[in-house]
Amino acid sequence: MMDAESGIEVSATPKRVYMEDFGCQMNKNDAELVVGRLRMDGFVRTPIVEEADVILYYACSVREHAEERVFGRLGQLKRLKKDRPETVIGVMGCMAQNQKERIFERAPHVDLVVGTQRFEDIAAFVKDLDHHARVIAVDQGEVSYRRDVSERPDQHQAFVTVMRGCDKFCTFCIVPFTQGRERSRAPEDIEREVRALVDDGVQQVTLLGQRVNTYGLDLNCGESLASLLQRLEKIPGLRRLQFITSHPTHIDETLMRVIRDHEVHARYLHLPVQSGSDRILRAMNRGHDVDSYRRTMDMVRRIVPDMSLATDWIVGFPGETEADFDQSVRLLRDVEFQTSFVFKYSTRSGTRAARALEDDVPEVEKARRNHVLLAEQETISARRHAARMGELHEILVEGISKRDDSRWFGRTAQNWIVVFRADRDLSGQFVKVKLVDSTALTLFGELVEA
Ligand code: SF4
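Here goes a summary of the coordinates provided. Quick caveat, the model's predicted, so the values are computed rather than measured.

### Some points on the site of the ligand
Phase 1: Within the structure, the ligand sits among Cys-166, Lys-168, Phe-169, Cys-170, Phe-172, Cys-173, Val-175, Pro-176, Arg-211, His-247 and Arg-286.
Phase 2: Of the residues assigned to the shell around the ligand, the class counts are seven nonpolar, one polar and three charged.

### A look at the pairing of strand S10 (residues 204–208)
Phase 1: Across the five residues that make up S10, a large majority, five, are buried.
Phase 2: Here S10 shows a buried face lined by Gln-204, Thr-206 and Leu-208 and a second buried face lined by Val-205 and Leu-207.
Phase 3: Bridge analysis of strand S7 (residues 157–161) against S10 gives five bridges, and the strand direction is parallel. Its bridge partner being in S10, Thr-161 is matched across the sheet by Leu-208.
Phase 4: Pairing of S10 with strand S11 (residues 240–244), which is carried by five bridges, proceeds in the parallel orientation. Paired with Leu-208 across the bridge in S11 is Ile-244.
Phase 5: Assessed by its sense of winding, the connection that carries the chain from S10 through helix H9 (residues 225–232) to S11 is right-handed.

### Here we look at the packing of helix H10 (residues 253–260) against helix H12 (residues 290–303)
Phase 1: Contact pair H10 / H12: the axes reach a minimum separation of 9 Å and the direction vectors enclose 30 degrees. Put simply, H10 runs roughly parallel to H12. As H10 packs across H12, the resulting crossing turns out to be right-handed. Across the interface between the two elements, Glu-253, Met-256, Arg-257 and Arg-260 from H10 touch Met-299, Val-300, Arg-302 and Ile-303 from H12.

### Things to note about the pattern of salt bridges
Phase 1: Taken as a whole, this structure holds 39 salt bridges when the rule is applied.
Phase 2: We note a salt bridge from Asp-189 to Arg-192, for which the minimum N-O separation is 3.8 Å. Residue Asp-189 and its partner Arg-192 are located together in helix H8 (residues 187–199), separated by three residues, close to a single helical turn.
Phase 3: Of the charged contacts, one joins Asp-261 and Arg-260 as a salt bridge, the two residues approaching to 2.8 Å between their closest N and O atoms.
Phase 4: One salt-bridge network, held together by shared partners, links Glu-320, Glu-322, Glu-365, Arg-368 and Arg-369.

### Here we look at the pairing of strand S13 (residues 308–315)
Phase 1: The element S13 is extensively covered by neighbouring structure, given that eight of its eight residues are classed as buried.
Phase 2: Residues of S13 alternate between two faces, with Ser-308, Ala-310, Asp-312 and Ile-314 on one and Leu-309, Thr-311, Trp-313 and Val-315 on the opposite face, all of them buried.
Phase 3: As paired strands, strand S12 (residues 268–270) and S13 are joined by three bridges and run parallel to one another. From the neighbouring strand, Leu-269 faces S13, where its bridge partner is Leu-309.
Phase 4: One ladder, built from six bridges, connects S13 with strand S14 (residues 339–344); its direction is parallel. Following the sheet pairing, Thr-311 is matched in S14 by Ser-340.
Phase 5: A crossover links S13 with its parallel partner S14, the connecting element being helix H13 (residues 322–335), and its sense is right-handed.

### Brief notes about the nonpolar core
Phase 1: Residues Leu-207 and Met-256 are the most contacted members of the largest nonpolar core, which totals 64 residues.
Phase 2: Per element, the largest residue contribution to this core is six residues, and it comes from H12.
Phase 3: If you look at the next biggest cluster of nonpolar residues, it comprises 23 residues, including Leu-38, Phe-119, Phe-125 and Val-126.

Rules behind the numbers
- Residues numbered from 1 in each chain as written.
- Predicted model: local features only at pLDDT ≥ 70, side-chain atom pairs only at ≥ 80, totals over all residues.
- Heavy atoms only, no water.
- Near = heavy atom within 4 Å.
- Nonpolar A, V, L, I, M, F, W, Y, C, P; charged D, E, K, R; others polar.
- Buried < 20%, exposed > 50% of the residue type's maximum accessible area, 1.4 Å probe, protein only.
- Helix = DSSP H or I, 4+ residues; strand = E, 2+ residues; numbered from the N terminus.
- Pairing = 2+ DSSP bridges.
- Right-handed = clockwise from strand over helix to strand, strands pointing away.
- Axes fitted to C-alpha atoms, helices over the stretch in contact; angles between N-to-C directions.
- Parallel < 35°, antiparallel > 145°, perpendicular 65-115°, else oblique.
- Left-handed = near helix turned anticlockwise from the far one by under 90°.
- Contact = heavy atoms within 4.5 Å.
- Salt bridge = Lys/Arg side-chain N within 4 Å of Asp/Glu carboxyl O.
- Core = buried A, V, L, I, M, F, W, Y, C linked by side-chain atoms within 4.5 Å.

Laid out in structure tokens, this is it:
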């Protein structure tokens, strides 16, 4: 029997796999790679958990919230496992790498714990369960990027992992421990994957990496994110190319000129700063200070004036005083980011901060600082959006507006969301809109050209 979507031969009664992911985009992408691997081995995907023979959760461990949600899901599966003990239940990704055996302790009905570097072997692990009570696989090794390009949640856009791991060891972050050292993929391999995706109908590609702007350094052959972008921009049919997430220490003029000089490159840079206080940045081991960050942002805007800037903040990091926090507010106002993602600090076991620093800012104060930064950002975003009225922008239409099903929405090259009316489904198409109204989060447009 042939799987209708992939064209791969499957057995008469294929096993059904249910996959749910939690956390960052990298986890989402890895979860899709896992499903692709399983489909190559004859599994079919089901969106209904009760129907599945194999239930997998792929989870990020950067924030405690994602892990707790997975434990919540696992709790709900106790009954199902009792009724159907042959159902395989697995936890994968950073959470598996981080929690290891602790997952079995909290959820004894779990069969599989597979870390970030072993998903290539997922089908073999599932089969192995015929012989073993449980499988745990969290060693580090080489990751294979073999992929069924048709296995992706969106037909018009796709994510491509170009490097993994992080050498930076920020004190609050678990990633260097769960993903290991930085490893870049060969550029030819990435190009092959992007070409295959574009041939399969993808128009927008987002390159992923934990510190994506250090891409190529470990290859020691002169490759860089800039040279990778130049290689990929030549692919016919690729309409938009972007990358996440970057670290402030490796954003240079060469990279910005490459972005400026070809229209395929999105005008969107997500550059987490985390704090506006040098004292806190040192305690975080970020490897940059506020001045160098400001200079980088000035350089980016000088070379690519229409670049939309996004950042991350952590409020209530151990030892953060009111004066430190005020410096974050000042930096946010001065740089005038388009978007800020604000997180209240919480201790992640296994990190350096968890071992050495006391979580001493009260919850209520963290919540207040969170609110203050978001309110500041909202004011700036609203003002920046309002200044755009009358402009024409090309957007990639993503689908029906979540708030109003008579409207559609898409994103500009700056990653701004634009909502507009249309009398037909334009999903997956690039259309031109004129901006006519705005809020802090959304722009509203009129369709000019489809
Ligand atoms: S740069 Fe810092 S925050 Fe980003 S992944 Fe590496 S250790 Fe984590």
